[in-house]
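Examining the three-dimensional arrangement
Now for the letters of each chain:
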Amino acid sequence: MDAADRRFDVVLFGATGFTGRLVAEYLVERYGVAGELRWAMAGRSAEKLATVRDAIGRSVGKPVDALPLLTAESGDDASLEALARQTRVVCTTVGPYARYGSGLVAACATLGTHYCDLTGEVQWMRRMIDSHQQAARESGARIVHACGFDSVPSDLGVFFLQREMRARHGVPCRRVKLRVAG
Ligand SMILES: NC(=O)c1ccc[n+]([C@@H]2O[C@H](COP(=O)([O-])OP(=O)(O)OC[C@H]3O[C@@H](n4cnc5c(N)ncnc54)[C@H](OP(=O)(O)O)[C@@H]3O)[C@@H](O)[C@H]2O)c1
């Protein structure tokens, strides 16, 4: 099936967790449900998903009954594949990723489903790249790790620093140290 024909644009896996719920709230506020963005919440417990969905509806003050709920379990590859087949993009907040995330990356890379996560687990990312780069190239899946708060400021910080360094001195820094203060 072509990715454009899939039932959903985005499935948010891990919507019952702390971060997943924040993402779900954002999606409800920004896009509503059953609107232009076709999206769904996913998790391992249908009951918990329904409770979280209804609580978000109350806190955001929007109707959410039409928001689809999908169940999948990180240890059940068939459920992960079924999830990945239904959507163009999976956004996953199910972690720690080294423990719970590998099956979903494999499914997305194989099935041509774009993927993003919040991991900062660099050894795991290395393993995922080594294991699935070829399949993702062939299927067209874009696998994007490290979209979380820990990762984005350091990536952008280095990017801006190196741009400035090149503009001022004509060469990039050979080494960059990052320090974050509250
Ligand atoms: N890089 C960053 O800046 C950044 C920022 C925040 C978080 N993170 C990472 O993001 C991940 C999520 O953090 P969080 O604070 O949102 O965690 P959390 O509140 O514990 O949520 C974890 C989610 O994973 C689900 N889950 C756990 N085991 C599962 C399984 N076997 N199958 C399917 N779903 C399962 C949980 O479902 P149930 O509700 O059913 O238990 C829950 O929805 C962590 O790995 C964290 O380190 C990274």
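For the structure itself, consult the block above.
Calculation rules
Residues numbered from 1 in each chain as written. Predicted model: local features only at pLDDT ≥ 70, side-chain atom pairs only at ≥ 80, totals over all residues. Heavy atoms only, no water. Near = heavy atom within 4 Å. Polar contact = N/O pair within 3.5 Å; in protein donor to acceptor, adjacent residues only side chain to side chain. Areas by Shrake-Rupley, 256 points an atom, 1.4 Å probe, with all protein chains shown as cover. Nonpolar A, V, L, I, M, F, W, Y, C, P; charged D, E, K, R; others polar. Salt bridge = Lys/Arg side-chain N within 4 Å of Asp/Glu carboxyl O. Helix = DSSP H or I, 4+ residues; strand = E, 2+ residues; numbered from the N terminus. Buried < 20%, exposed > 50% of the residue type's maximum accessible area, 1.4 Å probe, protein only. Core = buried A, V, L, I, M, F, W, Y, C linked by side-chain atoms within 4.5 Å. Contact = heavy atoms within 4.5 Å. Patch = residues over 30% accessible without salt bridge, like charges linked within 9 Å, V, L, I, M, F, W, Y side chains within 5 Å.

Concerning the site of the ligand
Every one of the 22 residues lining the ligand counts as a neighbour, but Thr16, Thr19, Lys48, Leu118 and Asp150 are closest to it. The contact in question runs from an oxygen atom of the ligand to an N or O atom on the backbone of Phe18, over 2.8 Å. In the environment of the ligand, a nitrogen atom lies 2.9 Å from a nitrogen or oxygen atom belonging to the side chain of Glu73. Here the ligand, which alone exposes 930 Å², has 74% of that area covered by the protein. Across the shell around the ligand, the residue classes break down as nine nonpolar, nine polar and four charged.

Here we look at the pattern of salt bridges
Here the structure, examined in full by the defined rule, presents six salt bridges. Residue Asp9 is joined to Arg88 by a salt bridge in which the shortest nitrogen-to-oxygen separation is 3.5 Å. Taken together, the residues Asp9 in strand E1 (residues 8–13) and Arg88 in strand E4 (residues 87–92) connect sequence positions 79 residues apart. Residue Arg88 is classed as partly exposed on the basis of its relative accessible area, which comes to 34%. Between Arg126 and Asp130 there is a salt bridge, with the nearest N and O atoms lying 2.9 Å from each other. On the criterion of helical spacing, the pair formed by Arg126 and Asp130 is a turn pair, its members being four residues apart in helix H6 (residues 122–139).

A short note on the nonpolar core
Val11, Phe13, Leu83, Leu104, Tyr115 and Trp124 are the most contacted members of the largest nonpolar core, which totals 23 residues. Every element with two or more residues in this core is listed here: E1, strand E2 (39–43), helix H3 (77–85), helix H5 (102–111) and H6. In terms of residue count, H5 provides more of this core than any other element does, five residues in total. If sequence neighbours within four positions are ignored, Tyr115 has contacts with Val90, Thr92, Tyr97, Leu104, Val105, Cys108, Trp124, Arg142, Ile143, Val144 and His145. The next biggest cluster of nonpolar side chains, apart from the first, holds 17 residues, and it includes Ala15, Leu27, Val33 and Leu67.

Looking at a nonpolar patch on the surface
Among the surface-exposed residues, Val152, Leu156, Phe159 and Phe160 lie close enough to one another that they form a single nonpolar patch of about 350 Å² accessible area. Residue placement: Phe160 occurs in helix H7 (residues 152–169). Under the relative-accessibility criterion, Phe160 is labelled partly exposed at 42%.

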